[in-house]
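# Geometric and topological summary
Spelled out from the first residue to the last, the chains are:
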Amino acid sequence: SLNSQIKKDSEFMGLPKSIAKSTIRGHRQAVTCMAFHPFYKRLATGSEDASIIIWECDEFSQERSLRAHSNTVNCLTFDNNGKYLASCSADLTIKIWNFETMTCFKTLSGHEHTVSAVEFTPDGNFIYSASRDKTIKFWEISTGNVKKTLSGHTEWVRSVTVNAKGTLLASSSDDESVIVWQTDTGAQVNTFTGHDNKIEKVLFFKNEKALLNIYTGDYLSDFNKSLVGATEQKDQIAQLNEKLLEKTKLIKAKENIANKDYLLSASRDKTIKLWDVVGGVCIFTFTGHDNWVRDLCEHPSGKYFVSCSDDKSIRVWDLKTGLSSKRLTEAHDSFVVCVSMSPKCKLLASGSDD
């Protein structure tokens, strides 16, 4: 039943077509970030021209231009309810926008250098920010106060992500490491190293179907067996038991993923790594891009994830096999900097230096 549902969902949200549905222009300089609204057919994009543009996704027309930053807009993100839009900039500030009125009602200042990423907590009441000043700050939106400052990276912190439960925060940095933090105490849970260059993006999987696909993935069979103490010796009884267990594999897998967290990291070393946060290890490396990997996003079906690169391509990766299911070559005329997917519009958007 679970397998049937996964198949149905992947058919509903399939692979992107090779030819773009529309090319929209409006920014005067490079597009740096983007985010689809979780419910409305709206896309927010940020640029080096310091503006944010809200696009309507039926006619792909410009609905509103928001101007409050004085330098490059580096990251955009919506809260889970779609009420707020957060933006951060090289002007050292974070701005919180009421998406209904399209007005900025809070400016958060405290970082000493470029703010490179922002992420809401699941309840939408707090926000995390990452900066070139090597710190991560935890802000209360209602007061605009910094509740906590996390220090651990030795270089520019490029990206932050919060897991679905809001219990863990992960950050990536130019120091070639990913640090996982407990959100309640601010303590470091794990530090992952293995990339050979700066890590541009880090992403927690929040879709339960994605977690299930990873846990039952082809590349994970040996890893999962080692966790439960499986032996390589197989007699006739063991083989019969294995056939029986196959029938309940998905049920048991769903029980096991309840306490699992998986994390993706994209690096300038041209690779994407998949980490088991609980196990504390890298369980797979996705290879195929020919240049820096710049951004990642989840596919709403839970079967895939999407990456973009300075090789001008966009790739869709299968979480069951670890293989590239689709490659959009020459997606732009220049570096592809950011990607975002909308479960409502059935659209994949990409932004570029072009």
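Located above this text is the structure these notes cover.
Below, the structure is looked at part by part. Everything numeric here is computed off the predicted structure, so don't read it as measured data. (Residues numbered from 1 in each chain as written. Predicted model: local features only at pLDDT ≥ 70, side-chain atom pairs only at ≥ 80, totals over all residues. Heavy atoms only, no water.)

Residues three or four positions apart in an α-helix share a direction because the helix packs 3.6 residues into each turn. Most of helix H2 (residues 208–215) sits inside the fold, with six of its eight residues counted as buried. Where H2 begins, one side-chain oxygen reaches toward the backbone nitrogen of Lys209, 2.8 Å away; that side chain belongs to Asn207. (Buried < 20%, exposed > 50% of the residue type's maximum accessible area, 1.4 Å probe, protein only. Helix = DSSP H or I, 4+ residues; strand = E, 2+ residues; numbered from the N terminus. Polar contact = N/O pair within 3.5 Å; in protein donor to acceptor, adjacent residues only side chain to side chain.)

Approximately 1300 Å³ is the volume attributed to the second largest pocket. What lines the second largest pocket is a set of 44 residues, among which Ala20, Ser22, Leu348, Ala349 and Ser350 lie closest to the centre. Sorting the residues of the lining of the second largest pocket by element identifies strand S1 (31–36), strand S2 (42–47), strand S3 (51–56) and strand S26 (347–352) as the ones contributing at least two each. No other element matches S26, which puts six residues into the lining of the second largest pocket. (1 Å grid on protein atoms, 1.4 Å probe; cavity = no way out; pocket = protein on both sides within 12 Å on 5 of 7 lines; lining within 4 Å. Points joined across faces, edges and corners; volume = space filled by probe spheres on them.)

Once that is clear, we can look at the nonpolar core. Of all hydrophobic cores here, the largest spans 25 residues; its most connected members are Ile94, Ile96, Val118, Ile127, Ile136 and Leu169. Within the residue set of this core, elements represented by two or more residues are strand S6 (84–89), strand S7 (93–98), strand S9 (115–120), strand S10 (126–131), strand S11 (135–140), strand S13 (157–162) and strand S15 (177–182). It is S9 that contributes the most residues to this core, four residues altogether. Dropping the residues within four chain positions of it, Ile127 is found in contact with Ala86, Ile96, Leu108, Val118, Glu119, Phe120, Lys137, Phe138 and Trp139. Membership of the second largest hydrophobic core comes to 21 residues, among which are Ala210, Leu264, Ala266 and Val293. (Core = buried A, V, L, I, M, F, W, Y, C linked by side-chain atoms within 4.5 Å. Contact = heavy atoms within 4.5 Å.)

With antiparallel pairing, the four strands of this open sheet are ordered in space as S5-S6-S7-S8. Two strands bound the open sheet, and with one partner strand each, they are strand S5 (73–78) and strand S8 (103–109). Ignoring which end each strand starts from, the neighbouring axes of this sheet average 20 degrees apart. (Pairing = 2+ DSSP bridges. Axes fitted to C-alpha atoms, helices over the stretch in contact; angles between N-to-C directions.)

In this section: the sheet that holds strand S16 (residues 188–193). Taken in spatial order, the four strands of this open sheet run S13-S14-S15-S16, and their pairing is antiparallel. Two strands close off the open sheet at either side, each with one partner strand: S13 and S16. Recorded for the sheet is a direction-independent mean angle of 20 degrees between the axes of neighbouring strands. One ladder, built from five bridges, connects strand S14 (residues 168–173) with S15; its direction is antiparallel. In the strand pairing of S15, Leu168 is matched with Gln182.

With six of its six residues buried, S11 lies for the most part within the structure. With burial as the criterion, each face of S11 is covered, one bearing Thr135, Lys137 and Trp139 and the other bearing Ile136, Phe138 and Glu140. The pairing of S10 with S11 spans five bridges and is classified as antiparallel. Within S11, the residue paired with Tyr128 across the bridge is Phe138. Linkage of S10 to S11, two consecutive antiparallel strands, is achieved through a turn of three residues, within which Lys134 is found at a positive phi near 75 degrees. Bridge count between S11 and strand S12 (residues 145–151): six bridges; the pairing is antiparallel. Its bridge partner lying in S12, Thr135 is registered against Ser151. Where S11 hands over to S12, the hairpin turn is made up of four residues, of which Gly144 adopts a positive phi near 80 degrees.

What follows concerns unusual backbone geometry. One non-glycine residue, Phe60, lies in the positive phi region at around 55 degrees. Locating Phe60 in the fold gives a position in the loop between S3 and strand S4 (61–67). The backbone of Glu176 sits at a positive phi, close to 70 degrees, despite the residue not being glycine. Tracing the sequence through the fold places Glu176 in the loop between S14 and S15.

Secondary-structure assignment places His289 in the loop between strand S20 (281–287) and strand S21 (293–298). Assessed through its relative accessible area of 5%, His289 is described here as buried. Polar side-chain contacts of His289 include one of 3.1 Å to the side chain of Asp311. Among the polar contacts made by the side chain of His289, one reaches the side chain of Ser313 at a distance of 3.4 Å. Residues in contact with His289, not counting those within four places in the same chain, are Lys270, Ile272, Ser307, Cys308, Ser309, Asp311, Ser313, Arg315 and Trp317.

Following the sequence through the fold, Arg42 ends up in strand S2. With a relative accessible area of 22%, Arg42 lands in the partly exposed category. Residues Arg42 and Cys345 lie 303 residues apart in sequence; the distance between their C-alpha atoms is 8.8 Å. Among residues more than four places away in sequence, those in contact with Arg42 are Ala35, Phe36, His37, Ile54, Trp55, Glu56, Cys57, Glu63 and Phe99. A polar side-chain atom of Arg42 sits 2.6 Å from a polar atom in the side chain of Glu63.

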